[in-house]
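# Commentary on secondary and tertiary structure
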Amino acid sequence: MTRIEDAVQLFEDGYVCSQAVFAAFSEDFGLSKEQALKIGACFGSGMRKAEVCGACTGALMVLGLKYGEDKPQSNEMCKRLLDDFESENGSYICRDLLDCDISTEKGVGYARENNLFSEICPKMVESAARILEELI
């Protein structure tokens, strides 16, 4: 299984988007999958505020593991990841990607009723993981 497939599978297994992407890549950089799942837990759903997509924040954490000591390189990789994700998906903001605000009960209900968590979110996890794969 590739890291991209692993990320999508983790998401489909019930982990949030940030956990899925971060954990799929973490072991390559000396962090166990279990540790990554814990660290990534609070970044899903745009940090529970429908802000930056959790799949992107998971990918950014991986970039931090790889490039964190090199500030110019880490800044460049962060910019490239977000720019590429936005170019591919139209935004990197969760509420824009889902066209609803899942920081509210009404937004979560809308997302569930319209299968957004099962139709849109896995695509965002795959997109972030694929872009990350290209950057590392």
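Relevant structure appears above.
Presented here is an overview of the structure given in this document. (Residues numbered from 1 in each chain as written. Predicted model: local features only at pLDDT ≥ 70, side-chain atom pairs only at ≥ 80, totals over all residues. Heavy atoms only, no water.)

### Digging into the pattern of salt bridges
Throughout the structure, instances matching the rule amount to six salt bridges. For the salt bridge of R3 with D28, the shortest nitrogen-to-oxygen distance reads 2.3 Å. Placement of the pair is R3 in helix 1 (residues 3–12) and D28 in the loop between helix 2 (17–26) and helix 3 (33–39), with a sequence separation of 25 residues. Residue classification places R3 among the partly exposed residues on the basis of a relative accessible area of 23%. Where K79 meets D83, a salt bridge forms, and the shortest distance between an N and an O atom there is 2.6 Å. Of this pair, K79 and D83 both sit in helix 6 (residues 71–89), separated by four residues, roughly a single helical turn. Residue K79 is classed as partly exposed on the basis of its relative accessible area, which comes to 48%. We classify D83 as partly exposed; its relative accessible area is 33%. (Salt bridge = Lys/Arg side-chain N within 4 Å of Asp/Glu carboxyl O. Helix = DSSP H or I, 4+ residues; strand = E, 2+ residues; numbered from the N terminus. Buried < 20%, exposed > 50% of the residue type's maximum accessible area, 1.4 Å probe, protein only.)

### Considering helix 2
Counting buried residues along helix 2, ten of its ten residues qualify, which places the element largely inside the surrounding structure. Here helix 2 has its buried residues at C17, S18, Q19, A20, V21, F22, A23, A24, F25 and S26. The secondary structure elements touched by the buried residues of helix 2 are helix 1, helix 3, helix 4 (44–50), helix 5 (54–67) and helix 10 (121–135). (Contact = heavy atoms within 4.5 Å.)

### Focus on the environment of P122
Position of P122 relative to the elements: it lies in helix 10. For the pair P122 and A20, spaced 102 residues apart in sequence, the C-alpha to C-alpha distance is 9.9 Å. With sequence-adjacent residues up to four places away left out, P122 is seen in contact with V8, F11, E12 and F117.

### Things to note about unusual backbone geometry
Even without a glycine there, the phi angle at R48 is positive, about 65 degrees. Its location among the elements puts R48 in helix 4. According to the relative accessible area criterion, R48 is partly exposed, its value standing at 41%. Notably, A50 is not glycine yet its phi reads approximately 60 degrees, a positive angle. Looking at the secondary structure, you find A50 in helix 4. Relative accessible area serves as the criterion here: at 0%, A50 is assigned to the buried category.

### Some words on helix 8 (residues 105–113)
An α-helix turns once per 3.6 residues; consequently, residues spaced three or four apart project the same way. For helix 8, the set of buried residues is G107, V108 and A111. All buried residues of helix 8 lie within an arc of 100 degrees about the axis, which places them on one face of the element. Away from the buried face of helix 8 by more than 90 degrees, exposed residues E105, K106, R112 and E113 are located. Buried residues belonging to helix 8 abut helix 9 (116–119). (Arc of directions from axis to C-beta.)

Such coordinate-based values are descriptive only and should not be taken to indicate function.
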